[in-house]
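Remarks on the overall topology
Given next are the chains, with one letter for each unit.
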Amino acid sequence: MRVWLGVLLMAVIVGELQAGQVVVRKSSEPFDAFAVRDQVQRDFEWRESLRLQQQIQILQSLPLGCALFKHPYAYYRCGASFYRPYLYQTDNNPGQQLYIQIDPPSFK
């Protein structure tokens, strides 16, 4: 019984330690918790949209001056970056050529 009580107590303590960010302020300072929550949400949405936009640009278009190589498989070299083409198909789109960044191919 004591063992289970100890495990339960440790679980509660660990859960409390992972509660999140703590902000300390003076009680005389004005504070709007809802405005802070809304700003955090807007910041998160902005970072997420930038991340998704960067991913889409990488996948949908190649930089100018890329060279096509066929060995060991078809890939494009664009400066120091390498991209592999693939055909993306959906029900509404019969096929669109997209590119994904890859590590440099090995020639073994």
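From a predicted model like this one, the values you see are computed outputs, not experimental measurements.

Criteria and cut-off values
- Residues numbered from 1 in each chain as written.
- Predicted model: local features only at pLDDT ≥ 70, side-chain atom pairs only at ≥ 80, totals over all residues.
- Heavy atoms only, no water.
- Helix = DSSP H or I, 4+ residues; strand = E, 2+ residues; numbered from the N terminus.
- Contact = heavy atoms within 4.5 Å.
- Disulfide = S-S within 2.5 Å.
- Buried < 20%, exposed > 50% of the residue type's maximum accessible area, 1.4 Å probe, protein only.
- pLDDT = per-residue confidence, 0-100.
- Salt bridge = Lys/Arg side-chain N within 4 Å of Asp/Glu carboxyl O.
- Phe/Tyr/Trp six-rings, centres within 6.5 Å; stacked < 30°, edge-to-face > 60°.

**What about the overall build of the protein?**
Each helix and strand counted, the protein has two helices and four strands in total. The order of α-helices and β-strands along the protein, N terminus first, is α-α-β-β-β-β. Summarising the internal contacts of the protein: among those between residues at least 6 apart in sequence, 24% fall at separations of at least 24.

**Things to note about the state of the cysteines**
Applying the stated criterion across every chain, the model contains one disulfide. Each sulfur in the disulfide pair Cys 66 and Cys 78 lies 1.8 Å from the other. Between Cys 66 and Cys 78 the disulfide shows an S-S torsion of about 115°. By sign, it is right-handed. With Cys 66 in the loop between α2 (33-60) and β1 (67-69) and Cys 78 in strand β2 (residues 75-78), this residue pair connects regions lying twelve residues apart in the sequence. For Cys 66, a relative accessible area of 22% translates into the label partly exposed. Using a relative accessible area of 10% as the deciding quantity, one classes Cys 78 as buried.

**Some details on the confidence of the model for the protein**
It should be kept in mind that the predicted coordinates are not to be read in detail where pLDDT is low. Overall, the predicted model of the protein reaches an average pLDDT of 77, with 74% of residues at or above 70. Within the protein, no element has a lower average pLDDT than helix α1 (residues 2-17), which sits at 62, and none a higher one than β1, at 93.

**A look at the pattern of salt bridges**
Summed over the entire model, instances satisfying the criterion amount to one salt bridge. When the shortest N-O distance is used, the salt bridge between Arg 37 and Asp 38 registers 3.0 Å.

**Observations regarding the packing of aromatic side chains**
Here the distance between the centres and the angle between the planes together describe a pair of aromatic rings. Evaluated as defined, the whole model comprises four aromatic pairs. Pairing Phe 69 with Tyr 75 gives two aromatic rings, centres 5.4 Å apart and planes at 15°, and the pair type is stacked. The class of Phe 69 is partly exposed, set by a relative accessible area of 34%. With a centroid separation of 5.5 Å and 85° between ring planes, the pair formed by Tyr 76 and Tyr 99 is classed as edge-to-face. Placement of the pair is Tyr 76 in strand β2 and Tyr 99 in strand β4 (residues 96-102), with a sequence separation of 23 residues. A relative accessible area of 14% means that Tyr 99 is categorised as buried. In textbook terms, an aromatic cluster arises when at least three aromatic residues are bridged by ring pairs, as seen for Phe 69, Tyr 73, Tyr 75 and Phe 82.

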